[in-house]
Amino acid sequence: MEAALEEARAAAARGEVPVGAAVVVDGRIVARAGNRTIADCDPTAHAEIVALREAARVLGNYRLLDASLYVTIEPCAMCAGAMVQARIVRLIYGADDPKGGAVRSCFSIADHPQLNHRMEVAAGVLAEESSALLREFFALRR
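**Thoughts on the packing of helix α2 (residues 47-59) against helix α3 (residues 77-86)**
So, point 1. Relative to each other, α2 and α3 sit at 20°, their axes nearing to 9 Å. In this view, α2 runs roughly parallel relative to α3, as classed from their interaxial angle. The chirality of how α2 crosses α3 is left-handed. Facing E48, I49 and L52 of α2, the residues of α3 in contact are M78, C79, A82, M83 and A86.
So, point 2. Taken together, the residues that form the contact of α2 with α3 break down as seven nonpolar, no polar and one charged.

Below, the structure is given as structure tokens:
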């Protein structure tokens, strides 16, 4: 989660919403990213999506069967759906997102019984640090 927080801080320094993600396989970080929606002019360039794309490239497989994804905030519906498609085995995230979280706050995509894949979820890991980054980022813009 520390790597994801580093990526979130780097995203904030670039003027992006401070969200970071890291994909881990066998205890090794294979990909990490921060939000890049502004830099890439791409609404899908959330930290999770960028990290999943890089992990698939590095591993040579779009199925990330043994991978865990660490992310600083509860993923949105797009990102949670991408994790299902990638077959992520475990999601570990920091802060809940009551306005857009799709793992437990607004939706339950990670364990929805009608989907073809479900993943383990651990929430609240370094949640205060993750929340503080977001609070500070948006406080500077108001």
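Additional details are given in the paragraphs that follow.
**Overview of the pattern of salt bridges**
So, point 1. Within the structure shown, the criterion is met by eight salt bridges.
So, point 2. Between D40 and R36 there is a salt bridge, with the nearest N and O atoms lying 2.8 Å from each other.
So, point 3. Residue D40 is classed as partly exposed on the basis of its relative accessible area, which comes to 35%.
So, point 4. Here R36 falls in the partly exposed class, since its relative accessible area comes to 27%.
So, point 5. One salt bridge connects R57 with E54, and the closest N-O pair in it is separated by 2.6 Å. In this pair, R57 and E54 are both assigned in helix α2, three residues apart and thus about one turn of the helix distant.
So, point 6. Accessibility expressed as a relative area gives 57% for R57, which makes it exposed.
So, point 7. In this structure E54 comes out as partly exposed when scored by relative accessible area, which is 29%.
So, point 8. One continuous salt-bridge network, built from bridges that share partners, spans E6, E7 and R32.

**Topic: the environment of A132**
So, point 1. Looking at the element boundaries, A132 is found in helix α4 (residues 127-141).
So, point 2. Assessed through its relative accessible area of 17%, A132 is described here as buried.
So, point 3. Through-space distance from the C-alpha of A132 to that of E7 is 14 Å; in sequence the pair is 125 residues apart.

**Considering the sheet that holds strand β2 (residues 28-34)**
Strand-to-strand pairing in sheets goes through backbone hydrogen bonds, with the strands running parallel or antiparallel.
So, point 1. Pairing in this open sheet of five strands is mixed, and the strands run β2-β1-β3-β4-β5 from one edge to the other. Each edge of the open sheet carries a strand with a single partner, namely β2 and β5 (120-123). Strand-to-strand, the axes of this sheet are offset by a mean angle of 15°, without reference to chain direction.
So, point 2. Note: strand β1 (residues 20-25) against β2, six bridges, orientation antiparallel. The partner of G20 across the bridge, within β2, is G34.

**Concerning the packing of helix α1 (residues 2-13) against α4**
So, point 1. Across the interface, α1 lies against α4 with an axial gap of 11 Å and an inter-helix angle of 5°. The angle between α1 and α4 falls in the class roughly parallel. Here L5, A8, R9 and A12 of α1 come into contact with α4, specifically with E129, S130, L133 and F137.
So, point 2. A breakdown of the residues in the contact of α1 with α4 according to their chemical character gives five nonpolar, one polar and two charged.

**Description of the side chain of E7**
So, point 1. Structurally, E7 can be placed in helix α1.
So, point 2. Engagement of the side chain of E7 in a polar contact is seen with the backbone nitrogen of G34, the distance being 3.4 Å.
So, point 3. What E7 contacts, discounting residues up to four positions off in sequence, is V19, G20, A21, R32, A33 and G34.

What counts as what
Residues numbered from 1 in each chain as written. Predicted model: local features only at pLDDT ≥ 70, side-chain atom pairs only at ≥ 80, totals over all residues. Heavy atoms only, no water. Axes fitted to C-alpha atoms, helices over the stretch in contact; angles between N-to-C directions. Helix = DSSP H or I, 4+ residues; strand = E, 2+ residues; numbered from the N terminus. Parallel < 35°, antiparallel > 145°, perpendicular 65-115°, else oblique. Left-handed = near helix turned anticlockwise from the far one by under 90°. Contact = heavy atoms within 4.5 Å. Nonpolar A, V, L, I, M, F, W, Y, C, P; charged D, E, K, R; others polar. Salt bridge = Lys/Arg side-chain N within 4 Å of Asp/Glu carboxyl O. Buried < 20%, exposed > 50% of the residue type's maximum accessible area, 1.4 Å probe, protein only. Pairing = 2+ DSSP bridges. Polar contact = N/O pair within 3.5 Å; in protein donor to acceptor, adjacent residues only side chain to side chain.

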